[in-house]
Amino acid sequence: MKKYSKLIIAAIVAIIFIGTFVFLWMKSRPQEVVYNEFTPTVGNVEKTTVITGKIEPRNEVNVKPQISGIITELTKQAGDYVREGDIIAKVKVIPDMGQLSAAESRVRLAEINQRQARIDFEREKSLYDRQLVSADEFDKVAQVLRQADQEVAAAQDALQVVRDGVSKSNASASSTLVRSTISGIILDIPVKVGNSVINSNTFNDGTTIASVANMSDLIFRGNIDETEVGQLHIGMPMKITVGALQDLSFDAALEYISPKATESNGANQFEIKAAVQLNSLQKKDTGEPVIPAYGPVGGSPLRSGYSANAEIVLASVQQVLTIPESAIEFSGDSTFVYVIEGEGSKPTYRRTPIETGLSDGVNIEVKKGIDATEKVRGPQILTETGN
């Protein structure tokens, strides 16, 4: 029994030794080098860049109150469409005590002058009826009474404005009613009923009651690196895609390039703006147009502040000879390819200088050196056991 056990162990050791030897011998054998092969094709090459930015309305207006006070009512909410002059909120005035006291004093003084003018008028009228004074003298006294009446009315109006923010004579144009200054969509109402608000003056910008924008006039705003800004020009077409609307795309036209750079993460960036062409909204896969609706009825797929990417074609060539850029060997200022010669399992390669043109990062234009009938060698095909 022991004899058989020893034979089995010896056999296992021999198998392991032979297997290891065969494995090392297989690994030491030189591997056949195989390359990709490419045939030049005729096509278009475009050099593009992608700019990150956001969608926003061209004009966004902050509506502010004309007086200081407390919000008593909000008649609109974010997302509502408003026309110019529509009421957004109502403000209850908190009068300034100094102004209120001065207005009350003006009313009292005007009433005193009115009473005296009326007494003088009654006295003068009695004399005029008995033909003891001339008509000219009577007219002068009557004029003073009329002026006193007007001063009382003006003083009372001024008191109502200081105390209530509105008077009977200007109720239709009350400063307690906050009205939209443009027609558009309400983007935000940052105040609530009960909030104190102040009007714009020399010392502060005032409280914003609502932000209103015309959402049918949108722009794309982004930044481009200084290495590419020199290739832009006003009017260049752009293709915009929105991160939140992956299935939609639309066109835009470049309309502004900043003359001054701003530094961002150590790089100089130039701001650009492009006019969004809403009538070009379409589905990316099918090209089916998407018609946005603006105004009191309907809505739009675009919202203010959406993150977006703009693709710009910086340069392009049409119907030129192209090969994959991975097939090119760069040596100094020169470029070469290896043209395949001969057929069979062991082809030969001829190192050939070429003149290249525009590249899109994958394919590159070939101006001189090879033609469409020649094949070129690409990068080596790596196998699992290759180096």
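Note that the coordinates shown come from a computational prediction; the quantities given were computed from them, not determined experimentally. (Residues numbered from 1 in each chain as written. Predicted model: local features only at pLDDT ≥ 70, side-chain atom pairs only at ≥ 80, totals over all residues. Heavy atoms only, no water.)

> Tell me about the environment of Glu-84, residues and numbers included.
Assignment of secondary structure puts Glu-84 in the loop between β5 (81-82) and β6 (87-93). With 95 residues separating them in the primary sequence, Glu-84 and Arg-179 have C-alpha atoms 7.5 Å apart. Once residues within four sequence positions are removed from consideration, Glu-84 is found in contact with Ser-180, Thr-181, Ile-182 and Ser-183. (Helix = DSSP H or I, 4+ residues; strand = E, 2+ residues; numbered from the N terminus. Contact = heavy atoms within 4.5 Å.)

> Which residues make up the pattern of salt bridges, and what values go with them?
Applying the stated rule across the entire model yields 15 salt bridges. For Lys-54, the salt bridge identified is with Glu-56, shortest N-O distance 3.9 Å. Classification of Lys-54 as partly exposed rests on a relative accessible area of 39%. For Glu-56, a relative accessible area of 13% gives the class buried. Salt-bridge contacts for Arg-58 lead to Asp-217; the nearest nitrogen and oxygen are separated by 3.1 Å. Of the two residues, Arg-58 is situated in the loop between β2 (41-57) and β3 (60-63) and Asp-217 in the loop between β10 (210-213) and β11 (218-225); the sequence distance between them amounts to 159 residues. Residue Asp-217 is classed as partly exposed on the basis of its relative accessible area, which comes to 27%. Several salt bridges share partner residues, and in doing so they unite Lys-54, Glu-56, Arg-221 and Glu-271 into one network. (Salt bridge = Lys/Arg side-chain N within 4 Å of Asp/Glu carboxyl O. Buried < 20%, exposed > 50% of the residue type's maximum accessible area, 1.4 Å probe, protein only.)

> Give a description of the sheet that holds β3 that names residues and reports values.
Strand order in the open sheet formed by four strands is β3-β10-β8-β5, and the pairing between neighbours is antiparallel. The open sheet has two edge strands with one neighbour each: β3 and β5. Judged from the two bridges that link them, β5 and strand β8 (residues 184-188) form a sheet pairing that is antiparallel. From the neighbouring strand, Val-82 faces β8, where its bridge partner is Gly-184. (Pairing = 2+ DSSP bridges.)

> Just give me the short version of the pairing of β8, but keep the residues and values in it.
The pairing of β8 with β10 spans three bridges and is antiparallel. Along β10, the bridge assignment pairs Asp-188 with Ser-211.

> Quick one: what's the story with the packing of aromatic side chains, residue by residue and with numbers?
Tallied over the entire structure, the rule returns one aromatic pair. Ring centres of Phe-121 and Phe-138 lie 5.5 Å apart, and the angle between their planes is 35 degrees; this geometry places the pair in the tilted category. A residue pair is termed long-range when its members are at least 10 positions apart, and Phe-121 in helix α2 (residues 97-129) and Phe-138 in helix α3 (residues 135-164) qualify at 17 residues. For the pair Phe-121 and Phe-138, a shared accessibility class is recorded, and that class is buried. Sitting above the plane of the Tyr-256 ring, Lys-273 keeps its charged end 5.1 Å from the centroid. Positioned over the ring face of Tyr-349 is Arg-377, at 4.9 Å from the centre of the ring. (Phe/Tyr/Trp six-rings, centres within 6.5 Å; stacked < 30°, edge-to-face > 60°. Lys NZ or Arg CZ within 6 Å of the ring centre and 35° of its normal.)

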